[in-house]
Amino acid sequence: MDPVVIPILVAAIVVVFLVASSVRIVPQARRYNIERFGRYRRTLQPGLNLVAPVADRVNTKLDVREQVYSSQPKPVITEDNLVVNIDTVLYYQITDPRAAAYEVADYLQAIDQLTVTTLRNVIGSMDLEETLTSREEINTRLRTVLDDATGKWGIRVNRVEIKAIDPPNTIKEAMEKQMRAERDKRAAILHAEGERQAKILTAEGTKQKDILEAQGTQQAMILRADGEAKAVERVFQAVHRNNADPKVLAYKYLETLPHLASSDNNTFWVIPGELTEAVRTVTAAFGDHSKMGLPETTRPAEAATAGAGETPAEGSAELAAGSPLSLDAAAAADEVAKQAAAAVNDAKAEAEAARSPQAPGRGQKG
C-alpha cells in the first residue's frame, strides 16, 4: 500500500468522526442539555443542531410533553384518628429543561414526597366523612402547593387528582350498613308518603262523591217538592174553580182507604176516626140526590098534606118513616158502608199478607 494513502484515510476517518460528533438531531417535543467540559452550555431545540465536537456533549434528554405520574397508595391519618390509604395521579409538564436537570436531582421523587406531605397536612385537618366528600377541595390545595414548590424546578403541575381513598375494612362495613339503613329509611319514607297521598286522594274523591250525591238528592227533592206543590196547587184550583162540595171530597176520601196498607213495609194498619163521618156525609149525599130526583107530582101532595093542617115537622117525620125516599137513602148508606167495609177488609188482608213472614203475636189496630 502506498505510504501516502494511509494518512489520507486516517484524515478522512477523523473528519467523518468530527462531523458526526458535531451534528445533533433533536426530535420534536424533546430538549437536550449540552455541557461543554462539564459545564452547562445550552439547550438544543428540535431539529438539526451543531455542537463543538469532543468539547460538547449531551447531558440530559428531556421530554417537554405533559406527563402523567401515578403514585403508590400512601397511609394518611385523618382528624378522627383513622388511617386511610390515598393514591394520587399527577399531571405535570417540564417548562425549563435546564432547571429540571440542574435544580433538583430527581424531580419525580421530589414531587411524590411533596405530594405525600401535603396530603398529610390537608387530610389531617379533616375527618373521614369530610375527606370522602371533599375531593375537589383536596385537589385544589394540592395543586396550589405543588405548583408553588415545583416552579423553581422548571416544572408546571397542571392537575392533581385523588385516584382512590381506601378506609379500613371495618370502616367500610360500617359505612355500608349506614348507607343501607339510609336507603331503607328513604324507601320507608317514600312508601309512607305514597300511602299518605293515596289516602288523601281517596278521601277527597269520597268527599266529592258524597257532595255530588247530596247535591243530586237535594235537587231531586227540590224538584219533587216543586212538582208536588204544583200538583196540589192545580188540584186546589180545580176544586175551587169547579166549586166541589164536601160530598165529593168525602167520596174521594173513601177511595183512598185501600192505599193505607198498600206498602210492603207496613206491619199494622190504622182506620181513621173520620171514617164514620165520611160515611155519614156520603149517605147524606145520596139522600139529597134522592130528594133532588123526586117527581114533580109528589110536591103538590106534600103541599096538600101540609095544607090539611099538619105541621111541617110532622109531615117530614112521616116521610122519613115510611116514604120510598127514606128507603132509598138507607139503601145507599148501606151500600156505601158495605164498600167501606170491603175496602177495610182488603186493606186488612194485604196487611196480614205483608206480615205473614214475621212472628205472630202482633195485634192490629182498628
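Let me begin by describing the structure that accompanies this report. Please read all numbers here as calculations on a predicted model, not as lab measurements. (Residues numbered from 1 in each chain as written. Predicted model: local features only at pLDDT ≥ 70, side-chain atom pairs only at ≥ 80, totals over all residues. Heavy atoms only, no water.)

**A short note on the pattern of salt bridges**
In this structure the tally under the stated criterion is nine salt bridges. Where R57 meets E35, a salt bridge forms, and the shortest distance between an N and an O atom there is 3.1 Å. In this pair, R57 sits in strand β5 (residues 56–63) while E35 sits in strand β2 (residues 30–36), placing the two residues 22 residues apart along the sequence. Here R159 and E161 are joined by a salt bridge, their closest N and O atoms 2.7 Å apart. A residue is classified by how much of its surface remains accessible, and R159, at 45% relative accessible area, is partly exposed. Overall, the relative accessible area of 27% leaves E161 in the partly exposed class. Linked through salt bridges whose partners overlap, the residues forming this network are R30, D63 and R65. (Salt bridge = Lys/Arg side-chain N within 4 Å of Asp/Glu carboxyl O. Helix = DSSP H or I, 4+ residues; strand = E, 2+ residues; numbered from the N terminus. Buried < 20%, exposed > 50% of the residue type's maximum accessible area, 1.4 Å probe, protein only.)

**Things to note about the sheet that holds β2**
As summarised here, the arrangement of the three strands in space is β3-β2-β5, forming an open sheet in which the pairing is antiparallel. Only two strands of the sheet have a single partner each, and these edge strands are β3 (39–44) and β5. Within the sheet, the average angular offset between the axes of one strand and its neighbour, ignoring direction, is 25 degrees. Across five bridges, β2 lies against β3 in antiparallel orientation. The partner of I34 across the bridge, within β3, is R42. (Pairing = 2+ DSSP bridges. Axes fitted to C-alpha atoms, helices over the stretch in contact; angles between N-to-C directions.)

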